[in-house]
Amino acid sequence: MRVMEKILLFAQGPLFRLAFALLLAGLFRRFVLILWPAYSAWRRSRDRSLNWSGILRDIASWLVPISHAWRNRDLFTVVSYIFHIGLILVPLFLAEHLSLWRTATGLSLPALPNRLADALTILTIAGASVLLIVRLTSRLMRTFTRKEDLLVLAMILLPFLTGYAAGASWNPFSYNFMLLLHVLSAEALMIAIPFTKLSHCIFFPFSRFCAELGSKLVNDNEYLYKSPLAKESKS
Amino acid sequence: MNAKAEYWPRLMKPVEDDTLDEFIRAMGSVLRESNYGLPLSIYAQTCTGCLRCSQECQVFQETGDFKDTPHFRTEEIIRLHREFFLPESQGNSILNRSTTTEERERFNLKDLIESLYRCTLCRRCTESCPMGIDHRLVARFGRQVLSEMGLVPQNMGKSAIEQIYGIGNTSAFPKAAIVDTLDFLEEDIYDTYGVKCEIPRDKKNADFLMLAPISDYMMEAETLMGISMTLDRMGVNWTVSTEYCDAINYGLFYDDRVLMTVLGKIIQEAHRLRVKTVVIGECGHATRAAMGYWKSHLDAEGIEVKSILQVTSEAIRQGSVQPQREKNPERIVLHDPCNIVRGCGIFKPQREILEACCMEYVEMQPNGRYNYCCGGGGGVVIAEDLEKFRLEVAAKVKAEQIKKSNAEIVCAPCANCKKMLREVVDFYKLPVSVVGIHDLMAKALSVEAPSRIETAVA
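In this text the structure is predicted, and so the values were computed from the model without any measurement. (Residues numbered from 1 in each chain as written. Chains lettered and ligands numbered in written order. Predicted model: local features only at pLDDT ≥ 70, side-chain atom pairs only at ≥ 80, totals over all residues.)

> I'd love a proper account of the overall build of chain A, names of residues and values included.
Scanning chain A from terminus to terminus reveals 12 helices and zero strands. Traced from its N-terminal end to its C-terminal end, chain A shows the element sequence α-α-α-α-α-α-α-α-α-α-α-α. Relative to the globule expectation of 18 Å for 235 residues, the C-alpha radius of gyration of chain A, 23 Å, shows a markedly less compact shape. In chain A, which comprises 235 residues, the proportion classed as buried is 27%. Summarising the internal contacts of chain A: among those between residues at least 6 apart in sequence, 68% fall at separations of at least 24. (Helix = DSSP H or I, 4+ residues; strand = E, 2+ residues; numbered from the N terminus. Rg over C-alpha atoms; globule rule 2.2 N^0.38 Å. Buried ≥ 20, exposed ≤ 12 C-beta atoms within 10 Å, placed from the backbone. Contact = placed C-beta atoms within 7 Å.)

> Could you give an account of the overall build of chain B, naming the residues involved and the relevant values?
Scanning chain B for helices and strands turns up 24 helices and eight strands. Across its three principal directions, the C-alpha atoms of chain B cover 70 × 50 × 35 Å. Looking at the 458 residues of chain B, the share that counts as buried comes to 57%. Residue pairs in contact within chain B that sit at least 24 positions apart in sequence constitute 82% of those at least 6 positions apart.

> Account for the sheet that holds strand β7 (residues 409-411) of chain B, naming residues and giving values.
Residue and element names in this part refer to chain B. With parallel pairing, the four strands of this open sheet are ordered in space as β6-β5-β7-β8. Unpaired on one side and paired on the other, β6 (360-363) and β8 (433-435) mark the two borders of the sheet. Pairwise comparison of adjacent strand axes, ignoring direction, gives a mean angle of 30° for this sheet. Across three bridges, the pairing between β7 and β8 is parallel. Looking at β8, one finds that V410 is bridged to V434. (Pairing = 2+ DSSP bridges. Axes fitted to C-alpha atoms, helices over the stretch in contact; angles between N-to-C directions.)

> Quick rundown of the interface of chain B and chain A? Include the residues and the values.
The partner chain A presents 54 residues to the 52 residues of chain B that form the contact. The element best represented in the side of chain B that touches chain A is helix α3 (residues 37-46) of chain B, accounting for six residues. Counted by class, the side of chain B that touches chain A contains 24 nonpolar, 20 polar and eight charged residues. (Nonpolar A, V, L, I, M, F, W, Y, C, P; charged D, E, K, R; others polar.)

> Give a detailed account of unusual backbone geometry, specifying residues and quantitative values.
Glycine aside, the phi torsion of most residues is negative, and most peptide linkages are trans. Residues and elements named next belong to chain B. Residue P366 follows Q365 across a cis peptide bond; omega there is -10°. Tracing the backbone shows P366 in the loop between β6 and α21 (387-394). A positive phi angle is found at L121, which is not glycine, with a value near 50°. Turning to its location among the elements, L121 is positioned in the loop between α8 (109-118) and α9 (124-127). Even without a glycine there, the phi angle at R123 is positive, about 70°. Position of R123 among the secondary structure elements: in the loop between α8 and α9.

> Just give me the short version of the domain arrangement of chain B, but keep the residues and values in it.
Residues and elements named next belong to chain B. Each assigned domain of chain B is listed here: domain 1 (2-152), domain 2 (161-317) and domain 3 (322-445). Its C-alpha centre places domain 1 at a distance of 29 Å from the equivalent point of domain 3. The interface is formed by 18 residues belonging to domain 1 together with 20 residues belonging to domain 3. Counting only elements with at least two residues in the side of domain 1 that touches domain 3, the list comes to α1 (2-7), α5 (58-63) and α9. Considered class by class, the residues forming the side of domain 1 that touches domain 3 number seven nonpolar, four polar and seven charged. (Domains from an automatic or database assignment.)

> So, the environment of L98(A): which residues are in play, and what are the values?
All names here are of chain A. You can see L98 is positioned in helix α5 (residues 98-105). Separated by 81 residues in the primary sequence, L98 and L179 have C-alpha atoms spaced 16 Å apart. Filtering out sequence-adjacent residues up to four positions away, L98 remains in contact with S108, L109 and A111.

> Any chance you could break down the sheet that holds strand β1 (residues 208-211) of chain B for me, citing the residues and the numbers?
Sheets are built from strands paired through backbone hydrogen bonds, the pairs being either parallel or antiparallel. Residues and elements named next belong to chain B. Pairing is parallel across the open sheet formed by four strands, whose spatial order is β2-β1-β3-β4. The open sheet has two free edges, formed respectively by β2 (238-240) and β4 (304-307), since each of these has just one partner strand. The average angle at which neighbouring strand axes cross in this sheet is 30°, direction not considered.

> Could you give an account of the confidence of the model for chain B, naming the residues involved and the relevant values?
Residue and element names in this part refer to chain B. Across chain B, the average pLDDT comes to 87, with 92% of residues at 70 or higher. This model gives residues 1-5 a pLDDT under 50, and the stretch forms zero contacts once residues within four places in sequence are excluded. Below pLDDT 50 for its whole length, residues 95-104 participates in 19 contacts with residues either more than four positions away or in separate chains. Interface scoring of the predicted complex returns ipTM 0.89; its pTM is 0.91. (pLDDT = per-residue confidence, 0-100.)

> Give a description of helix α23 (residues 415-427) of chain B that names residues and reports values.
All names here are of chain B. The first and last C-alpha atoms of α23 sit 18 Å apart over 13 residues, in line with the 18 Å expected at 1.5 Å per residue. Every buried residue of α23 is listed here: A415, N416, C417, K418, K419, M420, L421, V424 and V425. Residues of α23 that are buried make contact with α13 (215-218), α17 (284-293), α21, α22 (396-405), β7 and β8. (Expected span 1.5 Å × (residues − 1).)

> Please give an account of helix α12 (residues 175-193) of chain B that cites residues and values.
All names here are of chain B. End to end, α12 covers 26 Å across 19 residues, agreeing with the expected 27 Å (1.5 Å per residue, within 8%). Listing the buried residues of α12 in full gives I178, T181, I189, T192 and Y193. Positive phi appears at G194, one or two residues downstream of α12, with a value of about 70°.

> So, the packing of α12(B) against helix α14 (residues 221-234) of chain B: which residues are in play, and what are the values?
Residues and elements named next belong to chain B. As a packed pair, α12 and α14 sit with axes 10 Å apart at the nearest point and diverge in direction by 85°. Between α12 and α14, the interaxial angle falls into the category roughly perpendicular. Residues L185, D188, I189 and Y193 of α12 pack against A221, L224, M225, S228 and M229 of α14. Here the contact of α12 with α14 is built from residues that sort into seven nonpolar, one polar and one charged. (Parallel < 35°, antiparallel > 145°, perpendicular 65-115°, else oblique.)

> Any chance you could break down the pairing of strand β5 (residues 331-334) of chain B for me, citing the residues and the numbers?
Residues and elements named next belong to chain B. In the sheet, β5 pairs with β6 via four bridges, with the strands oriented parallel. Residue pairing for β6: L334 is matched across the bridge by E363. When β5 meets β7, the two strands line up parallel, connected through three bridges. Residue pairing across strands places I332 opposite I409, the latter belonging to β7.

Below, the structure written as structure tokens:
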């Protein structure tokens, strides 16, 4: 099994750092692709005031969307909120992940208690399964579900399932093989973030902010002051 | 299929089969001249397809047709934008391009046009989007493109033509009639409310220029009387204009050029009369068009714009107007117009006014930012062809809300909502009357027992 360990070490070391670098580079590219047009839109508009307090209040209210979930008493919202908690906390703060983050970024993060991490993992897996089932059964959801939506859910489920199974007593493969699957699927997920809708994890504040910019009219624009409907008014 | 013909708004020009190409061309020219491209490219990356927007849509709740969801409109427009206007490398989601079900593949432009004009632009979906995607903005962009192509619903297009090239207001109401109405209103205020109140006309250098929607001069005279009495009692230097008096701005619903041209007319009038502040009367979209886009206009510098709700509530707070609550003993329910509450963020002023001028008022559930639209927003109320649609589908939730409140009077500080709610009350046979907020102010400011007030319209 020496080979397996070597592959695992490679996947956890250089390959992980590569995936992380690709993630950062991809996000940076997207940042530029958003911020540059946003800046030029702001430059173009005559009314340059932005309702910062409203934008920030909205973003904050959706970061902790308890009031929104309560207002609708809506299963989908509650499930997806719980799903997101584990999805963010477990990859970052699981005790076994800390050394990875230290070697890749030099950051030492606090560890989650093991019991809590296990519970969060199970909740995330359950949440993702419920979301998947809703996507496949609800008529409206099915109408609008893209292949991407299903693929992304599967890509999230995979590292959580393999990571949980690796340490479990019912693991059908060897610990190392399951761990390898876990590491590879997690790296695939990391690389996918900038290229799929997963990028909302970083970019969701921008859509609110750009909605405000998008509705600003362009300064000194002849188009706006050219008589509209002139042709129709004559007929 | 039958429902389709009934709900289709009559446009100024027929939709041809090759309209999609023209649509793409028009989209290109609108994108060049505006900032709409920015949100479109970002929404393509952040929309997770959770469909909360669709659950919140009052039209979809009734019809259950996927083409009525905000998500459908946004998706289709984003898809066209991505396919034709974004470089391949920025197309974001690699797999986004593929749609799944057969139903979606039968998409055609006619569906999109119908969907766009059936939207009431209420922005309830935007409030419920975790990503903050402004579906109203996207629908509005779609309508801008259609307007560029000349595919405007007849009523909206003709009203705007009348306002810009014709007599100067959306209802083609001549100047002589306006002067007559003002004379009549002065008399009527004295007869009905026992108050002597002068309505100053075309006075130069006034503090406030009051612009009401034109319907206030014709059908909602009580509102205009209430506003006149309030401003008169405040003792401010105010005026109305007889040259250009219509605050209505249908451009907000479908075209930035109409929006800016009409706004330009208002600003020109303000410059002519050398006023400091323009006050917009009780009208949701007029308020939003003026307050939201005032700073975008080239000539607006040096003039402020305010809503009459803000002016009145400020006067009540300062004590310069003292309404008597006992004059309005009925149970009143407040309707929040979308453009005023969600559009301009004016939430408290109307409540302060109601607290000061009536004995009992209740809220609808839900209210404020999450209120339901009256069902006639976005120009739906003025399209005759959509009458069945707006009453049977769009306004059903509203009718239930009103019924649940057990109120005798529905108060809506918006001319558009009042027109719609009158129809709703008629159609669903609700035992309530519909008034504006300044109708109540007028009663609360009257000096003798109001014997001749006609509030019941039902």
